[in-house]
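# Chain and residue survey
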Amino acid sequence: MNNIHKTAVIGTGYWGSIIVNTLIRITKKKIVVYDKLKENSSLLKKKFKEKILIANNYNEILRNKNIKNIILATHPSVNYKIGKKILTFKKNLFVEKPIVTDTKKLKELIKLAKQNNKILMGGYIYMYNNYIKKIKSIIKNRELGKIKYIEIQRKNLGPIRNEIDAHVDLGSHDISILKFLFNKKIKIKNLTKRNILKKNISDITTIDLSIGNLKCEIISSWLNPAKERKILIIGLKKMLLFDEMEVRNKLRIFNKYAYYPKITKFRNNYLSNKARIYKGKTENIFVRESDTLKNELKHFEKQAQLNKQPLTNGDFCLDIIKIIS
Ligand SMILES: NC(=O)c1ccc[n+]([C@@H]2O[C@H](COP(=O)([O-])OP(=O)(O)OC[C@H]3O[C@@H](n4cnc5c(N)ncnc54)[C@H](O)[C@@H]3O)[C@@H](O)[C@H]2O)c1
């Protein structure tokens, strides 16, 4: 291997390949890749030619002193073992969410990163998304009035995981979003699991949770014919919908609400307690489009270079695992 590369990606399946595609656009340096299935890294080599170097095994990457940063896009079941080695070899480490599902193992990785003075970052990509940042500022400015309910839907047909449930795979993104939006304690009230394809894996899940008095529901499914990515926020004054699948107008605020009038007097001797509905204008919220994965990977490279904690550091990820497990 020559000395002009500094980042390596281990695990170049579906998401790892997308990561490499994005890295190619943000660095002039060669990228070293390794996947235990050779054909997965060969596909990238075929596409990007001299920009890609294929390692024969991950130990070769660990021993390469020029490689400072490693991205792990394998599976949660192998992340602990490989992650531990990477940190022991004093490399900065980015691991795709949920990193691992066992809090004890994640604590160990956090400790190891600290001992070796290296960065440990989890791939909670929505923290680097301009729409989510905009929603946070809308909530902060109290534009929706008191927020009473949030419903998040993340559905698609696949990818179907065979080692973690849908609420861990998909719902962990939504927990990260709620954590980022409110920065308050999240309590799971109920978890409904539907094991449809396999006895021990949940394909469709609903998490019922609360953040103080605010009630939220997270619906995750990889058994849905169409891709759905929606965040609905019901305020007492306005309602907000973020629909990622919309080509235009992904983020809208509806000047609409429903309420029960205060009963202060009898009208025509008849006590009316019917709910009223107000329908005002809908506002399309402008958000500057940007490549979220690019933002996330740039953040990793920058924090690694500065040796500073990333936004989605080990403790951030540990919080999420504690909540969903
Ligand atoms: N941030 C996001 O939006 C997002 C999206 C999709 C997936 N992911 C995460 O990315 C990770 C990978 O998901 P995926 O859909 O790409 O899965 P995948 O099965 O397509 O890819 C995983 C790859 O890792 C390789 N691998 C497994 N064990 C290995 C080992 N010991 N050494 C080397 N390579 C090994 C496999 O051969 C495979 O190519 C998961 O943790 C998933 O949650 C994140």
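An account of the accompanying structure is given in this report. Each residue is numbered by its place in its chain's sequence as written, counting from 1. Local features are withheld for residues below a pLDDT of 70 in this predicted model, meaning they are given only at 70 or higher, and side-chain atom pairs are given and counted only at 80 or more; totals for whole chains, interfaces and linings count all residues. Excluded from the side-chain calculation are hydrogens and water; included are all heavy atoms of the structure.

Our focus in this paragraph is a nonpolar patch on the surface. Excluding any residue in a salt bridge, patches collect residues exceeding 30% relative accessible area, merging like charges within 9 Å and nonpolar Val, Leu, Ile, Met, Phe, Trp and Tyr side chains within 5 Å. Areas reported here follow the Shrake-Rupley algorithm with a probe of radius 1.4 Å; residue values treat only the protein chains shown as occluding. Basic side-chain nitrogens of Lys or Arg form a salt bridge, by our definition, when they fall within 4 Å of a carboxyl oxygen of Asp or Glu. A cluster of nonpolar residues, Ile160, Ile196 and Leu197, forms a patch on the protein surface that exposes about 290 Å² of accessible area. Ile160 gets classed as partly exposed once you look at its relative accessible area, which sits at 46%. The cut-offs for exposure are 20% and 50% of the maximum accessible area for each residue type, with area from a 1.4 Å probe on protein chains only; residues under the lower value are buried, those over the upper are exposed, and the others partly exposed.

This next bit is on the sheet that holds strand 8 (residues 187-194). Any two strands are treated as partners once DSSP identifies two or more bridges connecting them. The numbering of helices and of strands both runs from the N terminus, where a helix is a DSSP run of H or I of at least 4 residues and a strand a run of E of at least 2. Here 8 strands make up an open sheet; going across it, the order is 8-9-10-7-11-12-13-14 and the pairing mixed. At either end of the open sheet lies a strand with only one pairing partner, and these are strand 8 and strand 14 (276-284). Along the sheet, successive strands turn relative to each other by an average axial angle of 15°, direction set aside. Sitting on the sheet, helix 8 (residues 171-182) touches strand 7 (147-157), strand 9 (204-211), strand 10 (214-221) and strand 11 (223-235), and the angle it makes with strand 7 is about 150°. In this analysis an axis means a line fitted to C-alpha atoms, helices contributing only their contacting stretch, and an angle means the value between N-to-C directions, from 0 to 180 degrees. The contact rule is simple, with two residues in contact once any of their heavy atoms fall within 4.5 Å.

Moving on to a positive patch on the surface. Positive residues here are Lys and Arg, negative ones are Asp and Glu, while His and the chain termini are left out of the count. Charge positions come from single atoms, namely NZ of Lys, CZ of Arg, CG of Asp or CD of Glu. Together, Lys107, Arg142, Lys146, Lys148, Lys184, Lys185, Lys187, Lys189, Lys215 and Lys322 give the surface a local cluster of positive charge. Inspection of the secondary structure assignment puts Lys187 in strand 8. A residue is classified by how much of its surface remains accessible, and Lys187, at 47% relative accessible area, is partly exposed.

The subject of this paragraph is helix 6 (residues 130-140). Buried residues of helix 6: Asn130, Tyr131, Ile132, Ile135, Ile138 and Ile139, and no others. Contacts made by the buried residues of helix 6 are with strand 7, helix 8, strand 11, strand 12 (239-243), strand 13 (251-259) and helix 9 (292-306). With a side-chain oxygen positioned 2.7 Å from the backbone nitrogen of Tyr131, the residue opening helix 6 is Asn129. Looking one or two residues beyond helix 6, the residue adopting positive phi is Arg142, at roughly 55°. We define a polar contact as two N or O atoms separated by no more than 3.5 Å, with the added condition that, inside protein, one atom must be a possible hydrogen donor and the other a possible acceptor, whereas residues neighbouring each other in sequence contribute only through side-chain atom pairs.

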